[in-house]
Amino acid sequence: YDAVKGKLEYLLENFGLSARFEAGEMIPEWANKKTFARVKISGEEIGWAAIVDKTVLNSLGIKKEAAAAEINFEKLVKIILNQPAKAYEKPNKYPPLARDLAFVISESILYNDLKEEIEKFDKLVTGVELFDVYQGKNLPAGQKSLAFHVIYSSPERTLESSEVDALQEKLITRLKEKFDAQIRNF
């Protein structure tokens, strides 16, 4: 379920959009009622994400748990086309430094909340990209792992590796305080 939500968030992020997942009253026939969320962009509902109900899976001959999303393509395209045109910036002449961070957090914490906190942490953080969502073996129940590429750069100078390492340590401390995020150690 979280993997489907993560994939949707990643897809929408490529169009400059962010999704919210909220409990809803109208539930699609295929959805498990306990793990169901409406997908909203800027307050407009565009679909659903849920674990597929066992009776539906059985009728399809699927033996494992599965999650799915149902998105209204017409609404999504309309939202994308109504986005303001992207303004392109001159490329930075100083090389960026990239670091990877993998956190174990409560499954109730949304990817967007963690990503936004990383993005606004410091002006030298110029890019944040989710590259892995994991739940299962080696993680306690109710926990998930999110892994990010974090890009650091400055338009005025080349950053020192030690400077970025110190900034990264402060970022880790901030995420521990705000989200009880723990660095993944496996």
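From a predicted model like this one, the values you see are computed outputs, not experimental measurements.

Criteria and cut-off values
Numbers given for residues are sequential positions, taken from 1 along each chain in its written order. Where totals are concerned, whole chains, interfaces and linings use all residues; where local detail is concerned, this predicted model gives features only for residues with pLDDT of at least 70, and gives and counts side-chain atom pairs only at 80 or more. Hydrogen atoms and water are omitted, and side-chain values are computed over all heavy atoms in the structure. The way it works is that DSSP assigns letters per residue, a run of H or I at least four long becomes a helix, a run of E at least two long becomes a strand, and they are numbered from the N terminus. Each residue is assigned to one of three classes by its accessible area relative to the maximum for its type, calculated with a 1.4 Å probe on protein chains only: buried under 20%, partly exposed between the two thresholds, exposed over 50%. We call two residues contacting when some pair of their heavy atoms lies within 4.5 Å. In this tally Asp and Glu are treated as negative and Lys and Arg as positive; neither His nor the chain ends contributes. Lysine's charge is taken at NZ, arginine's at CZ, aspartate's at CG and glutamate's at CD. When DSSP locates at least two bridges between a pair of strands, those strands are taken to pair. Axis angles are defined between N-to-C directions and span 0 to 180 degrees, where every axis is a line fitted to C-alpha atoms and, for a helix, only to the segment in contact.

1. Remarks on the overall build of the protein
- Looking only at helices and strands, one finds 5 helices and 8 strands in the protein.
- Listed by position from the N terminus, the elements making up the protein come as α-β-β-β-α-β-α-β-α-β-β-α-β.
- Judged by the C-alpha coordinates and their principal axes, the protein covers about 60 × 45 × 25 Å.
- Looking at the protein as a whole, 36% of its 186 residues are labelled buried.
- Taking the intrachain contacts of the protein between residues at least 6 apart in sequence as the baseline, contacts between residues at least 24 apart amount to 62%.
- Across the protein, the mean location of the 27 positive side-chain charges is 2 Å away from that of the 29 negative side-chain charges.

2. Considering the sheet that holds strand β8 (residues 182-183)
- With respect to topology, 4 strands assemble into an open sheet ordered β6-β7-β5-β8, the strand pairing being antiparallel. Both outer strands of the open sheet, β6 (125-134) and β8, are each paired with one neighbouring strand and no more.
- Sheet topology note: the strand β5 (residues 97-106)/strand β7 (residues 143-152) ladder contains 10 bridges and is antiparallel. Note on β7: the bridge partner recorded for L101 is F148.
- Seen against the sheet, helix α4 (residues 111-119) touches β5, β6 and β7 and runs at an angle of roughly 30 degrees to β7.
- Lying over the sheet, helix α5 (residues 161-179) contacts β5, β7 and β8, oriented at roughly 15 degrees with respect to β5.

3. Some points on the side chain of Q168
- Following the sequence through the fold, Q168 ends up in helix α5.
- Exposure remark for Q168: the relative accessible area of 7% places this residue in the buried category.
- The residues contacting Q168, other than those within four sequence positions of it, are R99, D100, L101 and Y152.

4. Observations regarding the sheet that holds strand β4 (residues 67-71)
- Taken in spatial order, the 4 strands of this open sheet run β1-β2-β3-β4, and their pairing is antiparallel. Of all the strands in the sheet, just β1 (19-22) and β4 have a single pairing partner and so form its edges. The average undirected angle you get between the axes of adjacent strands in this sheet is 25 degrees.
- Relative to strand β3 (residues 44-52), strand β2 (residues 31-41) runs antiparallel, the two being bridged by 7 bridges. Following the sheet pairing, A37 is matched in β3 by A49.
- In the packing of helix α1 (residues 2-13) onto the sheet, contacts are made with β1, β2, β3 and β4, and the angle to β4 comes to roughly 35 degrees.
- This element, helix α3 (residues 73-81), spans β2, β3 and β4 of the sheet and lies at about 130 degrees to β3.

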